Amino acid sequence: MPRGALMRGEGLVCGLGEVGAGDRATVGGKGASLGELCRVGIPVPAGYVVTVAAFERSLRSLDPAGEIRREIEELPADDTAAIARVSAGARARIAGAELAGDVREEIAARYRRLGDDAVAADGGSRDSDAECDAGTYGSAEHGAAVAVRSSATGEDGAEASFAGLQDTYLWVCGEQALVDQVRRCWASLYNAEAVGYRRRMRIGERGLAMAVVVQRMVEPRCAGVMFTCSPTTGDRSVVSVEACWG
């Protein structure tokens, strides 16, 4: 996909190697950050992004009048019962809606291609293929095992952080399971905790949307997260690493 087309918001899916920090409005915070890692040669697990365009098209189809966003914006920040009720209704509508044929096909077609890839950038060795356990989301013959990760356009900005407030699904196998979990990631934009946080921070709904990152699963020797400042004090002279085996 030409980079100019992506920046104009066209295209329902794009590869991680095609995006960067300037594409947050199209692929969300997580997608843009992974794209930056690809650009510097870090061996990011192979994957792609279901862009904001796919989310917006699906939302317009099920909610042409914009009722979901309007109802969310009208919620009082301190009314937890109302937030829980309205957000649950929004999630149910999004998770249960049928995807337009072209949206579904673009997601599935890129997934089928993903089975031949190992990493999304040069410089990494190929691990053994991840396979699905029968009874989880099908069997290995149904496709590569993937992580389906939410990537909201407003996450982890200068004034707010949505870490842990939206959904990720692991070891997803097969096209139908993938489509189901993409919708659930979209729906998690309206998790009660996320909605409550936005209302308290006075973050508007109109410019907020959800992209979804789809990446091959890996079986790491160890894994963790690094904070480039103290997560408790904000001290930028501190680098904090939390990790464990497996």
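Within every chain, residues take consecutive numbers counted from 1 along the sequence as written. Thresholds applied to this predicted model are a pLDDT of at least 70 for local features of residues and 80 or more for the giving and counting of side-chain atom pairs; totals over whole chains, interfaces and linings are not thresholded and use all residues. To get the side-chain values, take all heavy atoms of the structure and skip hydrogens and water.

Caption draft 1: Geometry of the overall build of the protein chain. Put simply, DSSP marks the helices as runs of H or I at least four residues long and the strands as runs of E at least two long, and each gets a number from the N terminus on. Within the protein chain, the secondary structure is distributed over 8 helices and 7 strands. Relative to all contacts within the protein chain whose residues are 6 or more apart in sequence, the contacts with residues 24 or more apart total 69%. Counting only carbon and sulfur atoms, one obtains 50% of the accessible surface of the protein chain, whose full area is about 12500 Å². By definition in these notes, contact holds between two residues if any of their heavy atoms fall within 4.5 Å. Residue-level accessible areas treat just the shown protein chains as cover; the underlying method is Shrake-Rupley with a 1.4 Å probe.

Caption draft 2: Summary view of the nonpolar core. Formed by 54 residues in total, the largest nonpolar core has its most connected members in Y48, V50, I107, L178, W186 and Y190. In terms of residue count, helix 7 (residues 175–187) provides more of this core than any other element does, 7 residues in total. Among residues more than four places away in sequence, those in contact with Y48 are V13, C14, G15, L16, I107, R110, Y111, L114, L178, V212, V213 and V214. Residues grouped as a nonpolar core are buried Ala, Val, Leu, Ile, Met, Phe, Trp, Tyr and Cys residues, joined through side-chain atoms within 4.5 Å. Each residue gets one of three labels from its accessible area relative to the maximum for its type: buried under 20%, exposed over 50%, partly exposed in between, using a 1.4 Å probe on protein chains only.

Caption draft 3: A look at a nonpolar patch on the surface. Exposure above 30% relative accessible area and no salt bridge define the residues that can form patches, which grow by joining like charges within 9 Å and nonpolar side chains of Val, Leu, Ile, Met, Phe, Trp and Tyr within 5 Å. The salt bridge criterion pairs a side-chain nitrogen of Lys or Arg with a carboxyl oxygen of Asp or Glu, the two atoms within 4 Å. A grouping of L37, V40 and I42 is seen on the molecular surface, where their side chains present a nonpolar patch of about 250 Å² in accessible area. Within the fold, I42 resides in the loop between helix 2 (24–39) and strand 2 (47–50).

Caption draft 4: Spatial organisation of empty space enclosed by the protein. Points on a 1 Å grid, built from protein atoms alone, make a cavity when a 1.4 Å probe fits but cannot get out and make a pocket when they are open with protein on both sides within 12 Å along at least 5 of 7 lines; residues with an atom within 4 Å of a point are the lining residues. Grid points are joined across faces, edges and corners, and a volume is the space filled by probe spheres set on the points. Counted according to the given criterion, the structure contains 1 cavity of 30 Å³ or more. Taken as a whole, the largest cavity encloses approximately 30 Å³ of empty space. Mapped by element, the contributors of at least two residues to the lining of the largest cavity are helix 3 (52–62) and helix 7. Note that Gly is not counted as nonpolar here; it falls among the polar residues with everything else outside the nonpolar set of Ala, Val, Leu, Ile, Met, Phe, Trp, Tyr, Cys and Pro and the charged set of Asp, Glu, Lys and Arg. Of the residues that constitute the lining of the largest cavity, the class distribution is 5 nonpolar, 1 polar and 2 charged.

Caption draft 5: Up close: the side chain of D63. In this fold, D63 is placed in the loop between helix 3 and helix 4 (67–73). Among the residues examined, D63 registers a relative accessible area of 6% and is labelled buried.

Caption draft 6: Representation of the packing of aromatic side chains within the structure. A pair of aromatic rings is counted whenever rings of Phe, Tyr or Trp (Trp by its six-membered ring) have centres within 6.5 Å, and the orientation is called stacked for planes under 30 degrees apart, edge-to-face for over 60 and tilted otherwise. A full pass over the atoms with the stated rule returns 1 aromatic pair. On the basis of an interplanar angle of 75° and a centroid distance of 6.0 Å, the ring pair of F55 and W186 is categorised as edge-to-face. Here F55 is found in helix 3, whereas its partner W186 is found in helix 7, with 131 residues between them in sequence. Look at F55 and you get buried, because its relative accessible area is 1%.

Caption draft 7: Summary view of the sheet that holds strand 3 (residues 146–152). What the 5 strands build is an open sheet, ordered 1-2-5-3-4; its pairing is antiparallel. Strands at the two margins of the open sheet, each flanked by one partner only, are strand 1 (13–15) and strand 4 (168–172). Adjacent strand axes in the sheet meet at a mean angle of 20° when their direction is disregarded. At least two DSSP bridges between two strands are required for those strands to pair. In terms of strand pairing, strand 2 meets strand 5 (residues 210–216) through 4 bridges, oriented antiparallel. Bridging across to strand 5, V49 finds its partner in V213. Where helices are involved, their axes are fitted lines through C-alpha atoms of the stretch in contact, as for all axes, and angles between N-to-C directions lie from 0 to 180°.

Caption draft 8: Geometry of the state of the cysteines. When the sulfur atoms of two cysteines come within 2.5 Å, that pair is taken as a disulfide. What the rule picks out here adds up to 0 disulfides. Looking at the unpaired C244, the closest cysteine sulfur is the one in C222, lying at 8.4 Å.

Caption draft 9: Looking closely at unusual backbone geometry. You will see that W171, though not glycine, has its phi angle at about 55°, which is positive. With respect to the helices and strands, W171 occurs in strand 4.

Caption draft 10: Expanded view of the confidence of the model for the protein chain. Confidence per residue, as judged by the predictor, is encoded in pLDDT with a range of 0 to 100. Predicted confidence across the protein chain gives a mean pLDDT of 85, with 80% of residues reaching 70 or more. Across residues 1–9, where pLDDT falls below 50, the model places 21 contacts with residues more than four positions away in sequence or in other chains. Low pLDDT, under 50, characterises residues 121–140; the stretch is placed with 39 contacts to residues that sit more than four places away or in other chains.

Caption draft 11: Geometry of the packing of helix 6 (residues 101–114) against helix 7. Two elements in contact, helix 6 and helix 7, have axes separated by 10 Å at closest approach and are oriented at 120°. Here helix 6 lies oblique to helix 7, going by the angle between them. The interaxial crossing formed by helix 6 with helix 7 has right-handed handedness. Seen from helix 6, the contacting residues are V103, R104, I107, A108, Y111 and R112; seen from helix 7, they are E175, Q176, L178, V179, V182 and W186. Put simply, angles under 35 degrees are roughly parallel, angles over 145 are roughly antiparallel, angles from 65 to 115 are roughly perpendicular, and the rest are oblique. Definitions for this section: a left-handed crossing has its near helix turned counterclockwise from the far helix by less than a right angle. A right-handed crossing has that turn clockwise.

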